[in-house]
Amino acid sequence: MAEQQGWLRSLRGRFYPILGLDLGGSYRQQAGSNWAWRGNTALAAYGPNGSDAAFAVGSGGWNRFQTNLGAGFAQLRLDYELLSFERSAALGQVNAELDRARQQYGTRLRQLQLEVSEAYYRLQLADQLRRIRQVVLDNDQVILDQVRAMKTAGLVPRVDLLRAEARLQQERFRLDQAEAQRLSAQRRLSNLVNVPFTVTLLASEAVRLQPPWPLDLEQTLVRGFQDNPQLQALQAARAALLRQADRSAAQLLPRIGLFASAGYQASQSTSPLIDLNGCCKGPAFIPGLNAQAADRAAAERTLQAEASERNGIRQRLESAYYDHRAALSQIIAANASFAAAREAYRDSRARYEFGLADYTDLAATISSLTTAMEQRAEAITLANLRDRKSTRLNS
């Protein structure tokens, strides 16, 4: 965008006069000879005692001479282009290119905002999973201590103790995985927001559901097509190609200009120079100027690209809308699963402590509760991501 702004400023300079300084000089030698049909010795000045005796030439004689000539000039020159059709077409082309650059910048900015939001939500999820697995690990440690005590009292077999120890080690591994995912999510967010590596970004808020997307599908599509920078960038590109074709055609039209200069010329004497002139220029033929037809054909192709982009935008809008609705339904299912798994864990642990169930049932219930808690956090994060995507496509 800064590049196009620079081109625009450069082109606007053609609407102002150009002031220049012309400096020059020359030096030359000229040699020649003359044949005298009638001499000048009869004149007193060219006689033997005359003042110009050195230049005396007799009748039928000849002479040779050499002349040294030097000259220099200095002048200020003012050029002004009064009328140029090509200049106006070029200004329109650069304005269209600048508009396209602005729309592309807006598109990239929205994409970056979406990437930052996604990275933040991923960091939230990774931090939430780490806390969940830390709680599960602490709970498994408590259960292992209980199983070890019950094994010592002879209430449970040795295999329950081994299973509890194995499960504890598995949960430690899962906790290490969650920590690695959290560090990776932190680094990704740091790279997107461009902070130093020494700065650690934290997701201070726990995973929670953002307000759902308030519009229905039809309103979402209408808002998504309104002032869409991707479509506006294609429209600006088409306008730039059309202005480029106009610029090529305008090069055949005449240009009217005015130039004036004033200065001094020094040769054998010094004299002022003042010129005021106008001109009308126009090429009769420029090879390859029929490229304007190619520019107009390329402009027409952008219409097809715009139609294809409209279809792509509609598909992305519909996909984001339906995914968001499905994510909300998934949250309801995840909440129900979490509530059921929590009650099952309470019952299963009580049954195991009273000897009514073995450790296999308790471990399966703990795995079910852990999965339910993780799925609940993932469902909320997924819904937030789909909401941000819908917001990005409609902003």
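Please refer to the structure placed before this passage.
Residues numbered from 1 in each chain as written. Predicted model: local features only at pLDDT ≥ 70, side-chain atom pairs only at ≥ 80, totals over all residues. Heavy atoms only, no water.

**Q** I'd like a rundown of the overall build of the protein chain, residues and numbers included.
**A** Helices and strands together make up the secondary structure of the protein chain, namely 7 helices and 4 strands. With 395 residues in all, the protein chain has 33% of them scored as buried. Taking all contacts inside the protein chain whose residues are at least 6 apart in sequence as the whole, residues at least 24 apart take part in 81%. Summing over all exposed atoms, the protein chain offers an accessible surface of approximately 23800 Å²; the carbon and sulfur share of this is 54%. (Helix = DSSP H or I, 4+ residues; strand = E, 2+ residues; numbered from the N terminus. Buried < 20%, exposed > 50% of the residue type's maximum accessible area, 1.4 Å probe, protein only. Contact = heavy atoms within 4.5 Å. Areas by Shrake-Rupley, 256 points an atom, 1.4 Å probe, with all protein chains shown as cover.)

**Q** Go over the nonpolar core, please, and point to the residues and values.
**A** Counting 20 residues, the largest nonpolar core has Ile143, Val147, Tyr345, Tyr352, Tyr359 and Leu362 as the members making the most contacts within it. Secondary-structure elements contributing two or more residues to this core are α2 (85-152), α3 (158-193), α6 (291-353) and α7 (359-394). Ignoring sequence-local partners within four residues, the contact set of valine 147 consists of Val156, Asp160, Leu161, Ala164, Tyr352 and Tyr359. (Core = buried A, V, L, I, M, F, W, Y, C linked by side-chain atoms within 4.5 Å.)

**Q** Report on the pairing of strand β1 (residues 18-35), specifying residues and quantitative values.
**A** Where burial is concerned, little of β1 is hidden: 0 out of the 18 residues are buried. Where β1 lies against strand β2 (residues 62-84), 18 bridges are found, and the strand directions are antiparallel. Bridging from a neighbouring strand, arginine 28 pairs with leucine 69 of β2. (Pairing = 2+ DSSP bridges.)

**Q** Quick rundown of the packing of α2 against α3? Include the residues and the values.
**A** Their axes nearest at 8 Å, the elements α2 and α3 cross at an angle of 160 degrees. Comparing the axis directions of α2 and α3 gives the class roughly antiparallel. α2 and α3 meet at a crossing whose hand is left-handed. (Axes fitted to C-alpha atoms, helices over the stretch in contact; angles between N-to-C directions. Parallel < 35°, antiparallel > 145°, perpendicular 65-115°, else oblique. Left-handed = near helix turned anticlockwise from the far one by under 90°.)

**Q** Pulling in residues and values, what's your account of a nonpolar patch on the surface?
**A** Nonpolar side chains collect at one region of the surface, where Leu19, Leu21, Leu23, Leu76 and Leu78 lie side by side and expose about 540 Å² of accessible area between them. Taken together, the elements giving at least two residues each to the nonpolar patch come down to β1 and β2. It is β1 that contributes the most residues to the nonpolar patch, 3 residues altogether. Tracing the sequence through the fold places leucine 78 in strand β2. (Patch = residues over 30% accessible without salt bridge, like charges linked within 9 Å, V, L, I, M, F, W, Y side chains within 5 Å. Salt bridge = Lys/Arg side-chain N within 4 Å of Asp/Glu carboxyl O.)

**Q** Can you lay out α2 for me, pointing to particular residues and giving the numbers?
**A** With 68 residues, α2 extends 100 Å from end C-alpha to end C-alpha; this agrees with the ideal 100 Å at 1.5 Å per step. Positioned one or two residues after α2, glycine 154 has a phi angle of 80 degrees, which is positive. (Expected span 1.5 Å × (residues − 1).)

**Q** Can you explain the pattern of salt bridges? Please cite residues and give values.
**A** Applying the stated rule across the entire model yields 16 salt bridges. Of the charged contacts, one joins arginine 133 and glutamate 374 as a salt bridge, the two residues approaching to 2.8 Å between their closest N and O atoms. Here arginine 133 is found in helix α2, whereas its partner glutamate 374 is found in helix α7, with 241 residues between them in sequence. On the basis of relative accessibility, which here comes to 10%, the residue glutamate 374 falls in the buried class. Glutamate 318 is the partner of arginine 314 in a salt bridge, and the nearest nitrogen-oxygen pair spans 3.2 Å. A residue pair is termed a helical-turn pair when its members lie 3 or 4 positions apart in one helix, as arginine 314 and glutamate 318 do in helix α6 at 4 residues.

**Q** Explain the side chain of serine 190 to me, using residue names and the numbers behind them.
**A** Looking at the secondary structure, you find serine 190 in helix α3. What makes serine 190 buried here is its relative accessible area of 1%. Excluding anything up to four places from it in sequence, serine 190 contacts Val195, Val199 and Leu201.

**Q** So what about the environment of glutamate 171? Which residues, and what values?
**A** Its place among the elements puts glutamate 171 in helix α3. Residues glutamate 171 and arginine 133 lie 38 residues apart in sequence; the distance between their C-alpha atoms is 7.0 Å. Filtering out sequence-adjacent residues up to four positions away, glutamate 171 remains in contact with Val136, Leu137 and Asp140.

**Q** Lay out the environment of tyrosine 322 in plain terms, naming residues and giving numbers.
**A** Considering the arrangement of structural elements, one finds tyrosine 322 in helix α6. Sequence separation of tyrosine 322 and arginine 386 is 64 residues, and the distance between their C-alpha atoms is 9.1 Å.

**Q** Give me the environment of leucine 76: which residues, what numbers.
**A** Turning to its location among the elements, leucine 76 is positioned in strand β2. In this structure leucine 76 comes out as partly exposed when scored by relative accessible area, which is 48%. Once the C-alpha coordinates of leucine 76 and glycine 263 are considered, the two residues, 187 residues apart in sequence, prove to be 6.2 Å apart. Those residues in contact with leucine 76, other than ones at most four positions away along the chain, are Gly20, Leu21, Ala260, Ser261 and Ala262.

**Q** Before we move on, could you go through the packing of aromatic side chains and cite the residues and values that matter?
**A** Taken as a whole, this structure holds 3 aromatic pairs when the rule is applied. Between tyrosine 321 and tyrosine 322, the aromatic rings sit 5.7 Å apart at their centres with planes inclined by 70 degrees, giving edge-to-face as the arrangement. Overall, tyrosine 322 belongs to the partly exposed group, its relative accessible area being 47%. (Phe/Tyr/Trp six-rings, centres within 6.5 Å; stacked < 30°, edge-to-face > 60°.)

**Q** So what's going on with unusual backbone geometry? Which residues, and what values?
**A** Peptide bonds are mostly trans, and most non-glycine residues show a negative phi. With phi around 60 degrees, asparagine 194 is a residue other than glycine that occupies positive phi space. Here asparagine 194 shows up in the loop between α3 and α4 (217-225).

**Q** Summarise α4; cite the residues concerned and give the values.
**A** By the burial criterion, the buried members of α4 are Leu217, Thr220, Leu221 and Gly224. Here the buried residues of α4 occupy an arc of 95 degrees about the axis, which is enough to place them on one side. Exposed side chains of α4 directed beyond 90 degrees from the buried face belong to Glu218 and Val222. Taken from the residues just after α4, aspartate 227 is the one with a positive phi, measuring 50 degrees. (Arc of directions from axis to C-beta.)

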